Amino acid sequence: VKKVGVLISGRGSNLQALLDSARAGTLGGDVVVVVSNVEGVPGLERARAAGVPALALPHRGRTRERHEQEMLEALLPRRLDLLCLAGYMRLLSPAFLRVFPAPVLNVHPSLLPAFPGVDAQRQAWEYGVKVSGATVHFVSEGLDAGPVVAQEAVPVREDDTVESLAARILEAEHRIFPAAVCRVLDGTCRVVGRRVRVEAGA
Ligand code: GAR
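To continue, consider the packing of aromatic side chains. Taken as a whole, this structure holds two aromatic pairs when the rule is applied. On the numbers, 5.4 Å between centres and 10 degrees between planes, the contact of F96 with F100 is stacked. Judged by its relative accessible area of 7%, F100 is buried.

Quick look at the structure:
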């Protein structure tokens, strides 16, 4: 069974989508560890409720190097096939990404490369775009910058508020993240330059 680790910082609704998909047998693997950089967040409870080991490794009061070293010590012994960032609101350093032995996937609430960084749904709404959406991408050096695995467009409605738009984008995230994880785990995805190719028959 393929092993997936998940990093979170808060609510954990995307983590829940991964847990639900694993339970339903559609993820192509199991979530075996969840790490939060913030203590006491709802996502940790979701993991525990699903019987998945969950730990808080706060970044506060630590240097980036020290914090990432602690994360590596928690993650490396698990021999993960994939690490998922599910609302993990910290940048992983180039040094972490160089030593981490498995691919890393992130879900982001916009159609990248539009609106990287924090509060992407608000950025899109304030810009006045007619379409936004959600993106799953491989994590590489740079903010929200790696090759795109999956995207779903979400039209902006006349009567949308930031909140109503964000809620529909979140539903899209919950659809494309588990599906993208499955495609990466079953090996039908191949990164060719910036392009993520899905092999025929998949
Ligand atoms: C999600 O919308 C996710 O895309 C976003 O944080 C939210 C976390 O919600 N991530 C980023 O903005 C990363 N740049 P969740 O904790 O309920 O999954």
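There's plenty left to go through after this.
Next up on the list: the pattern of salt bridges. Overall, the coordinates contain nine salt bridges when judged by the stated rule. In this structure, R62 and E70 form a salt bridge, with 3.1 Å as the shortest nitrogen-oxygen distance. Judged by relative accessible area, R62 falls into the partly exposed class, the value being 31%. It is possible to trace a salt-bridge network through shared partners that takes in R62, R66 and E70.

Turning our attention to the packing of helix α5 (residues 120–127) against helix α6 (residues 162–185). α6 packs onto α5 with a crossing angle of 125 degrees between their chain directions and a minimal axis gap of 9 Å. With respect to α6, the axis of α5 lies oblique. Between α5 and α6 the crossing geometry is right-handed. Between α5, through Q121, R122 and W125, and α6, the contact on the second element is made entirely by V162, E163, L165, A166 and I169. Taken together, the residues that form the contact of α5 with α6 break down as five nonpolar, one polar and two charged.

In this structure, V6, V34, L105, V136, V149, F177 and V181 are the most contacted members of the largest nonpolar core, which totals 37 residues. The leading source of residues in this core is α6, at nine residues. Here V181 is in contact with V4, L18, L27, L82, C84 and L105, once residues within four sequence places are set aside.

Analysis parameters
- Residues numbered from 1 in each chain as written.
- Predicted model: local features only at pLDDT ≥ 70, side-chain atom pairs only at ≥ 80, totals over all residues.
- Heavy atoms only, no water.
- Phe/Tyr/Trp six-rings, centres within 6.5 Å; stacked < 30°, edge-to-face > 60°.
- Buried < 20%, exposed > 50% of the residue type's maximum accessible area, 1.4 Å probe, protein only.
- Salt bridge = Lys/Arg side-chain N within 4 Å of Asp/Glu carboxyl O.
- Axes fitted to C-alpha atoms, helices over the stretch in contact; angles between N-to-C directions.
- Helix = DSSP H or I, 4+ residues; strand = E, 2+ residues; numbered from the N terminus.
- Parallel < 35°, antiparallel > 145°, perpendicular 65-115°, else oblique.
- Left-handed = near helix turned anticlockwise from the far one by under 90°.
- Contact = heavy atoms within 4.5 Å.
- Nonpolar A, V, L, I, M, F, W, Y, C, P; charged D, E, K, R; others polar.
- Core = buried A, V, L, I, M, F, W, Y, C linked by side-chain atoms within 4.5 Å.

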